[in-house]
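# What the coordinates show
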Amino acid sequence: MKKAVYGSALLALMVAGAVQAQGNAGWHDDDLIVTASNTASNQLLVYNTHGALVEQIHTNGAGGVSGNAGGIAQNHRLLAVVNFGSGNVSVFRKSREGLQLEKLVPAITNPVSVAFGRDHLYILTATHIESHRIDRYGVASSADGEAQLAIADGSAAQVGVLDGQLVITEKSNAIETIGLTHDGVVTGATRLVANIPANVNAPFGLATRGNDAYVTIAHANEISLVRNNAVLTVTGSGTQMAPCWVTLDGPFLFSANSPSHSVSRYAVYGQKIVQDAAVVANFNGSPTDITYGDGLAAVVDANGTVSHVSIFNVDGDGNFNLKSSVTINNTATNGIAIVRGDDDFGG
């Protein structure tokens, strides 16, 4: 990983040619795109949909994670970002003054991915999964449930929330689930799902809805549907190599294909995963995460010594139309999330 530099040097490295950061007045009415510098002095980089940097906020932790997705998660007023190097997660609260750092939540070991659901924040670390309750006081610092991963060799990639359980990928060829109590606490032990294909090679990213999880098998060039603790469907990625990260909304599943520098579109329904567009967007670098919702998509990619954040309008047919693009002089950038302008603010 690239090492960070501090102070004024960090500012020079972060945004090459970006619009000068604007004040917070009125920013809360707009949709925002959030990524993390992932440097030794980790920072949130917050852009509006026109590509202007509106906030740059220290997480008070150290970055350094790679080979993961979901390093940033957002749920209405709350946003969480992993600090791999310092072994904790920064939780921010959205207010009319901007995103305010609320607390640092310690993790069992280095966190790689986070997800919100069932009044909990779920933290996937290199070797464990843990749950932290959310109440009127925010995210609890102490975990109310935890378990070791099936392989626990440091290859953990992403966590997602299903009905009554979590689904987890480890790049050392594990797709696993763990149960949740009725109020969302991690319980029991992780277990591998059934019917994992014989050619499984590097499960990476996932997207969840209800009881369905769509999981990329990156090095086998496949996407799988996992339901009821079993793999039901496996679909090839066609001409695009190594689908790594996926995002889901409505009838569409979009995969970011790192070595192909592209995004593909799939139609998903029932047990079907059907690719209906091999390429809906191209990039100069390798995509490292993707998010989508309500007609807006954002992708972060890395190439050489720089990263890019690309923001797209997505029409009703799932076509991507580039709205803006930002260049960041740092290839370590991690995670991508959309903070909707119409989300509740709360106290």
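Since the structure is predicted, the reported quantities are computational estimates derived from the model, not experimental observations.

## Description of unusual backbone geometry
- Notably, Asn 195 is not glycine yet its phi reads approximately 65 degrees, a positive angle.
- Assignment of secondary structure puts Asn 195 in the loop between β16 (186-192) and β17 (203-209).

## Quick notes on the side chain of Glu 176
- Mapped onto the fold, Glu 176 is located in strand β15 (residues 174-180).
- In terms of polar contacts, Glu 176 uses its side chain to reach the backbone amide nitrogen of Ala 150, at 2.8 Å.
- Apart from the residues lying within four places of it in its own chain, the contact partners of Glu 176 are Leu 149, Ala 150, Leu 166, Val 167, Ile 168, Glu 170, Thr 190, Arg 191, Leu 192 and Val 193.

## Quick notes on the environment of Phe 254
- By the element assignment, Phe 254 lies in strand β22 (residues 252-257).
- Since its relative accessible area comes to 0%, Phe 254 is described here as buried.
- Between the C-alpha atom of Phe 254 and that of Val 279, which follows or precedes it by 25 residues, the distance is 9.9 Å.
- Discounting chain neighbours no more than four positions away, the residues touching Phe 254 are Trp 245, Val 246, Thr 247, Val 263, Ser 264, Arg 265, Val 280, Ile 290, Tyr 292, Val 314, Gly 318 and Phe 320.

## As for the pairing of strand β20 (residues 230-236)
- As paired strands, strand β19 (residues 222-227) and β20 are joined by six bridges and run antiparallel to one another. Across the sheet, Ile 223 pairs through a bridge with Thr 235, a residue of β20.
- Hairpin connection between β19 and β20: a loop of two residues separates the two successive antiparallel strands, and Asn 228 in this loop has a positive phi of roughly 50 degrees.

Rules of the game
Residues numbered from 1 in each chain as written. Predicted model: local features only at pLDDT ≥ 70, side-chain atom pairs only at ≥ 80, totals over all residues. Heavy atoms only, no water. Helix = DSSP H or I, 4+ residues; strand = E, 2+ residues; numbered from the N terminus. Polar contact = N/O pair within 3.5 Å; in protein donor to acceptor, adjacent residues only side chain to side chain. Contact = heavy atoms within 4.5 Å. Buried < 20%, exposed > 50% of the residue type's maximum accessible area, 1.4 Å probe, protein only. Pairing = 2+ DSSP bridges.

The values are spatial; any link to function lies outside them.
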